[in-house]
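Notes for the structure review
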Amino acid sequence: RGMEYANGTVYVANAGTGNAAPGHGLVTFSPDGVRTGFWPVLTPTGGASGSPFAILDTGSGLFVAAGSGTASQIRKYSYSGVDQGVFTQSIRFPQQMIWGQNGNLFAAGFSLDSGASISASVYEFDSSGVAVSNTMATGLGPRSVYELGDGMVPAPRLQGISPIRVAMLSRHRS
């Protein structure tokens, strides 16, 4: 699970209620480590109990990657936890997310869907949530993503690491 420091708050993705945890959602803390709150993450249909995995600051709120299998999404939230809708559902079991050097969102999609129309890949999304490239297929299991200074994306997966040059894959480069 992930965490993010944004807008003076530490946000921690939580799943389940073991060890007195509050359930699926984001737990918030002050920079001093004092727990300040909790809010549930929504499922793709808008119900509570989405299982969050990663959090990313957008500069005006948060992206939260949640779910698994076909019940997966990246949703937008305000810093106070107000749901601002779905950013994209074009990914299965989203794990880590980063901002690329080109300003697009990159996310590791861990699983295939049953129809295989969405692959286990590192995805690139534009600012409106449209998949610019999902041709970064790395096989099963990409769990994280990071863009190096030279434009390479070492995408860890179950079988090893697949380095991918981002500029060679995106169809919408300027």
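The present account deals with the structure reproduced in this document. Keep in mind that this is a model prediction, so the values were computed, not measured.

The next subject is the packing of aromatic side chains. Tallied over the full model, the rule gives 6 aromatic pairs. Their ring planes at 45 degrees and their centres at 5.0 Å tell us that Trp39 and Tyr77 sit as a pair that is tilted. Of this pair, Trp39 sits in strand 4 (residues 35–40) while Tyr77 sits in strand 7 (residues 71–77), and the two are 38 residues apart along the sequence. The pair formed by Trp39 and Tyr77 is uniform in burial state, with each residue classed as buried. Here the aromatic rings of Phe87 and Phe125 are separated by 6.2 Å at their centres, their planes lie at 75 degrees, and the arrangement is edge-to-face. Taken as a pair, Phe87 in strand 8 (residues 83–88) and Phe125 in strand 11 (residues 121–125) lie far apart in primary sequence, 38 residues in all. Take Phe87: its relative accessible area is 8%, and that puts it in the buried class. Among the aromatic side chains, those forming a connected cluster through ring pairs are Phe63, Phe87, Trp99, Tyr123 and Phe125.

Let's shift gears to the environment of Thr58. Tracing the backbone through its elements, the reader meets Thr58 in the loop between strand 5 (52–57) and strand 6 (62–68). Along the sequence, Thr58 and Ser78 sit 20 residues apart, while their C-alpha atoms lie 9.6 Å from each other.

Parameters and conventions
- Residues numbered from 1 in each chain as written.
- Predicted model: local features only at pLDDT ≥ 70, side-chain atom pairs only at ≥ 80, totals over all residues.
- Heavy atoms only, no water.
- Phe/Tyr/Trp six-rings, centres within 6.5 Å; stacked < 30°, edge-to-face > 60°.
- Helix = DSSP H or I, 4+ residues; strand = E, 2+ residues; numbered from the N terminus.
- Buried < 20%, exposed > 50% of the residue type's maximum accessible area, 1.4 Å probe, protein only.

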